[in-house]
Amino acid sequence: MRIALTAIVLATILAPPAIADEVRILSSRGGEVSRFLDLFEGVRKTGNRVVIDGPCLSACTLVLSVVPNSRICVTRREILGFHAARLIDRHGRLYAQPKATELMYESYPTAVRGWILRHGGLTSHLLLLRGRELDAFYPVCR
């Protein structure tokens with residue numbers, strides 16, 4: 001089950017690289033934080049550039065915390081979606097995770113934290129960063 005889930009996560013968020021030193025995020029609805037941290041730590045260690053080329057929501061946004069800003073670029077299809085950390089139990093109930101939310105918030109780059117704060121902070125509501133606002137933080141991919 002774990003191997004299948006890992007394969008699904010990788011297939012869902014990472015497309016085959018257009019060039020050997022590039023990882024492209026096409027679409028990710030998020031998932032378990034620890035899996036994304038492990039995945040992005042692996043990407044960081046390779047030295048590859050990350051292209052955000054579609055929705056990168058929830059735990060996917062942790063790419064900003066792990067991969068250096070200088071190795072991230074965005075396309076016109078980019079969308080980053082932020083919300084507070086939460087735990088979902090086996091019955092589908094959501095539980096707020098204030099300490100995890102604080103840690104996640106503090107891990108984002110300063111400019112992104114400022115944007116989140118100006119838009120109400122991390123709550124259960126999904127904050128979408130895209131377009132010109134996002135282009136102000138990360139270069140458009142060439």
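Coordinates for the structure precede this section.
These numbers were taken from a predicted model, which means no experiment stands behind them.

Caption draft 1: Summary view of the sheet that holds strand β9 (residues 127-130). With respect to topology, three strands assemble into an open sheet ordered β4-β6-β9, the strand pairing being mixed. The strands lining the two open edges of the sheet, one partner per strand, are β4 (55-57) and β9. Sheet twist, expressed as the average angle between the axes of neighbouring strands with direction ignored, equals 20 degrees. Here four bridges tie strand β6 (residues 79-82) to β9, and the two strands are oriented antiparallel to one another. Each residue of the ladder has a partner; that of Gly-81, found in β9, is Leu-128. Docked against the sheet, helix α5 (residues 110-118) engages β6 and β9, running at close to 130 degrees with respect to β9.

Caption draft 2: Structural detail: the state of the cysteines. Inspection of the entire model under this criterion finds two disulfides. Across the disulfide, Cys-56 is cross-linked to Cys-60 (sulfur-sulfur distance 2.2 Å). The S-S bond linking Cys-56 to Cys-60 shows a torsion near -105 degrees; that makes this disulfide left-handed. For the pair shown, Cys-56 and Cys-60 are each scored as buried. Residue Cys-73 pairs covalently with Cys-141 via a disulfide, S to S 2.0 Å. Around the S-S axis, the bridge from Cys-73 to Cys-141 shows a dihedral of about 100 degrees and counts as right-handed. Of this pair, Cys-73 sits in strand β5 (residues 72-74) while Cys-141 sits in the segment after α6 (131-135), placing them 68 residues apart in sequence. Both residues of the pair, Cys-73 and Cys-141, belong to the buried class. Sequence-ordered numbering of the bonded cysteines in the protein yields a pairing of 1-2, 3-4.

Caption draft 3: Representation of the packing of aromatic side chains in the model. A complete count under the given rule lists three aromatic pairs for this structure. Between Phe-36 and Phe-40 the ring centres are 6.0 Å apart and the planes differ by 50 degrees, which places this aromatic pair in the tilted class. Of this pair, Phe-36 and Phe-40 both sit in helix α2 (residues 33-46), separated by four residues, roughly a single helical turn. Since its relative accessible area comes to 1%, Phe-36 is described here as buried. What makes Phe-40 buried here is its relative accessible area of 1%.

Quick notes on the rules
Residues numbered from 1 in each chain as written. Predicted model: local features only at pLDDT ≥ 70, side-chain atom pairs only at ≥ 80, totals over all residues. Heavy atoms only, no water. Pairing = 2+ DSSP bridges. Helix = DSSP H or I, 4+ residues; strand = E, 2+ residues; numbered from the N terminus. Axes fitted to C-alpha atoms, helices over the stretch in contact; angles between N-to-C directions. Contact = heavy atoms within 4.5 Å. Disulfide = S-S within 2.5 Å. Buried < 20%, exposed > 50% of the residue type's maximum accessible area, 1.4 Å probe, protein only. Phe/Tyr/Trp six-rings, centres within 6.5 Å; stacked < 30°, edge-to-face > 60°.

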